[in-house]
Amino acid sequence: MKISKIIIFSMLAVLIASCNNTGNSNKDKTEEEKKETAVAESLQQSASTDEPDFMEAGKKVYNRVCLVCHQEDGSGVPNMYPPVIESDYISGNTDSLIYIILEGMKGPVVVKGVEYNSIMPPQKGVLDDHEVADLLNYLRNSFGNSGEFVKPEDVAEMR
Amino acid sequence: MVRITEKIIMSLLITMSVFLTQCNPKDNDSENRLTPDEDNGGIKLPGGFKALVVADDIGRGRHIDVNDNGDIYMALRRLENGKGIAALRDTTGDGRADIVRYFGEYPGTGMEIYNGYLYFGGDTMVLRYKLSPGQLVPDNEPEIVVSGFPDQNQHRDKPFAIDNAGNIYVNVGAPSNACMEQTRTMGSPGMYPCPQLERQAGIWKFSVDSINQTQVDDGYRYASGIRNSIALTWSDVTDNLYVVMHGRDQLSQFYPDLYTEEQNAELPAEEFLLVKEGSVFSWPYYYYDQIKGKMVLAPEYGGDGDKTEGPVEVEDPVMGFPGHLAPNDIMFYDGVQFPERYRNGAFICFHGSWNRAPLEQEGFFVAFVPFSGELPSGEWEIFADDFAGKEVVRSPSQAEHRPMGIAMGTDGSLYVCDSQKGKIWRIIYEDK
């Protein structure tokens, strides 16, 4: 799964790069494009090694803070804690996702058609901007999720 | 034309339902001999014991009870066909349910038949349905036995036990892991005194025959310091309440300097409690360390993993099971079908852990504890195993089945239900 993601991102990176080379970038790059370039560069950088840096760093954060409830395979705990596999919350709006990590979550929430009613503690006092960004980039490239690249500045803005 | 076909179908349905309701349950005590499944329904049992699958895929089971006529009632964690209780009947005498019906508006956990009523413990109240002889699904509205419990996200199940003197004992779980100022947050200290003990983290006693009671007006705090008791029962032999408590989570996650992940996987004990009126148990100030065999001060209250001195006096458990195994139902065996050594001993359903991660998850079995009088007379042992269907379980979702509820039929068979898919096993002893 991860490998296919990396291939897709690398292809994307090549596409973007070739666009730039043919002088097709008269107008300023949009925020979206910047982010895509960032993730592509980040993934490309480490194409020679096993995984991009954020994958390892993000996984460390996940194992330390999230795994206890969401579990090693991301499947959660039935009836208690929702899965993070193929999650709309992870692949969806970035600001909302950052907000959930920083402020936590409480009360009924429906994930993949199932209602959960637990508490996720806020992480704003536990994780710094880099750690949140690494975690989210890891999650968006794991467990069948996807989504735009998250930068530490995006997290800082939401604090 | 359409209307007419509809009418015909409707009347056919009505006729069919009349026929169905006339199907009587067959109690297999009689001449009918049960044929166990060759693989015992996928579970592993001690020699001489066999099992057959009563039903499968009927919804995520919680607690279960069996009526005198063999009808089975199982509370559901989630609504199934919009209903919260499954009712099952075997009309052919082979022990397998051929009628499954659903009723009840709420999902829940508690389930016990008492004095012609089916008592049901939902998340916010205890209800009861009047059972009519021979009728599988009650046709009346339920009565509210108790309501008015605090709103809570964590540990909100309201399972219960009923004694022989007209009392019902209801679990009101703690709304937190360890009464920290900020729930499940690293570095947050424990509150002292823990305000959650006032109306939660204990067992409240009510009248089993009165309706519309509330916790504040009619409840009596029978015992305190119990984090959450999904497994609770009244022992008719010794006339006592017994609870197997869910111990706290996340020792190494919040206190990595004091606990290793290995220690967190084993600690603290799931405490087996003999509950007397006015008993005060460990939560939240202490936990029981079953390896050291002593009560230890909780790290949120200044504990260091070994220190025992703390703010209040609390009672020890009668036994400590390994951590996080999630004891979710308990029953004292007072039947005659099983061999002598099982009489008056306790069967306990362990739902299986989630808080042993990153180590592999454990539990997913039914344990047996031999008893003599009020106390265990020997070590606990695994009675029924292999519910998970695999050697290594890394997360609870990977378990194929998780034993959740246990009950005894009139013939002394043991019924165990599962919370993953809704499978029910009937365990019998064959004397040969």
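One structure accompanies this document, and this report is about it. Along each chain, numbering runs from 1 in the same order as the chain's sequence is written. Chains and ligands are labelled by the order in which they are written, letters from A for the one and numbers from 1 for the other. The predicted nature of this model means local features are confined to residues of pLDDT at least 70 and side-chain atom pairs, given and counted, to a pLDDT of 80 or more, with totals for whole chains, interfaces and linings taken over all residues. Values reported for side chains reflect all heavy atoms of the structure, with hydrogen atoms and water molecules removed beforehand.

**Thoughts on the interface of chain B and chain A**
Any two residues whose heavy atoms approach within 4.5 Å are treated as being in contact. Between chain B and chain A, the contact holds 23 residues from the first and 23 residues from the second. By buried area we mean how much accessible surface two parts lose on assembly, using a 1.4 Å probe and totalling the loss over both. For the chain B and chain A pair, buried surface summed over both sides reaches about 2,000 Å², with 51% attributable to carbon and sulfur atoms. Of all residues in chain B, Arg78(B), Asn153(B) and Trp354(B) bury the most surface against chain A, accounting for 28% of the area lost on that side. Any carboxyl oxygen of Asp or Glu that lies within 4 Å of a side-chain nitrogen of Lys or Arg is treated as forming a salt bridge with it. Across the contact surface, chain B and chain A share one salt bridge. Glu72(A) is paired through a salt bridge with Arg394(B); the nearest N and O atoms lie 3.0 Å apart. Just so you know the grouping, Ala, Val, Leu, Ile, Met, Phe, Trp, Tyr, Cys and Pro go in nonpolar, Asp, Glu, Lys and Arg go in charged, and all remaining residues, Gly too, go in polar. Among the residues making up the side of chain B that touches chain A, the classes are represented as four nonpolar, 12 polar and seven charged.

**Regarding the environment of Asp163(B)**
Residues and elements named next belong to chain B. Its location among the elements puts Asp163 in the loop between strand E10 (160-162) and strand E11 (167-172). Throughout, exposure labels follow a simple rule: accessible area from a 1.4 Å probe, protein chains only, divided by the maximum for the residue type, with under 20% read as buried, over 50% as exposed, and the rest as partly exposed. We classify Asp163 as buried; its relative accessible area is 3%. When sequence neighbours within four positions are dropped, the list of residues in contact with Asp163 reads Tyr114, Tyr169 and Trp234. Between N or O atoms, a polar contact is any pair within 3.5 Å; within protein, one atom must be a potential hydrogen donor and the other a potential acceptor, and residues adjacent in sequence are included only when both atoms are from side chains. Within the structure, Asp163 has its side chain in polar contact with the backbone nitrogen of Gly166 (distance 3.1 Å). Polar contacts involving the side chain of Asp163 include one to the main-chain amide nitrogen of Asn167, which spans 2.9 Å. Secondary structure elements follow DSSP: runs of H or I of four or more residues count as helices, runs of E of two or more count as strands, with numbering from the N terminus.

**Examining the nonpolar core**
Looking at soluble globular proteins, one finds that nonpolar side chains tend to be buried together. By nonpolar core we mean a set of buried residues, namely Ala, Val, Leu, Ile, Met, Phe, Trp, Tyr and Cys, connected to one another through side-chain atoms within 4.5 Å. Counting 28 residues, the largest nonpolar core has Ile203(B), Tyr222(B), Ile226(B), Leu241(B), Val243(B), Val275(B) and Trp283(B) as the members making the most contacts within it. Looking at this core, the elements with two or more residues in it are strand E14 (220-224), strand E15 (231-235), strand E16 (240-244), strand E17 (270-275), strand E19 (286-289) and strand E20 (294-297) of chain B. Sequence-distant contacts of Ile203(B), that is, excluding residues within four places in its chain, are made with Tyr169(B), Val170(B), Asn171(B), Tyr220(B), Arg221(B), Tyr222(B), Ala223(B), Ile226(B), Ser229(B), Leu232(B), Leu241(B) and Val243(B). Within the second largest apolar cluster, 25 residues are counted, among which are Leu67(A), Val132(A), Leu136(A) and Leu139(A).

**Here's the deal with the pattern of salt bridges**
All names here are of chain B. Counted by the stated rule, this structure contains 25 salt bridges over all chains. Across the pair Arg77 and Asp123 runs a salt bridge, and its minimum N-O distance is 3.9 Å. Of this pair, Arg77 sits in strand E3 (residues 72-80) while Asp123 sits in the loop between strand E7 (117-122) and strand E8 (126-130); the two residues are 46 residues apart in sequence, bridging distant segments of the chain. Classification of Asp123 by relative accessible area gives buried; the value is 19%. Across the pair Arg343 and Glu340 runs a salt bridge, and its minimum N-O distance is 3.0 Å. For Arg343, a relative accessible area of 25% gives the class partly exposed. Glu340 sits in the exposed class, given a relative accessible area of 58%. Through salt bridges with shared partners, a single network forms among Arg62, Arg77, Asp123, Arg156 and Asp157.

None of the figures reported here should be taken as evidence of function without further support.
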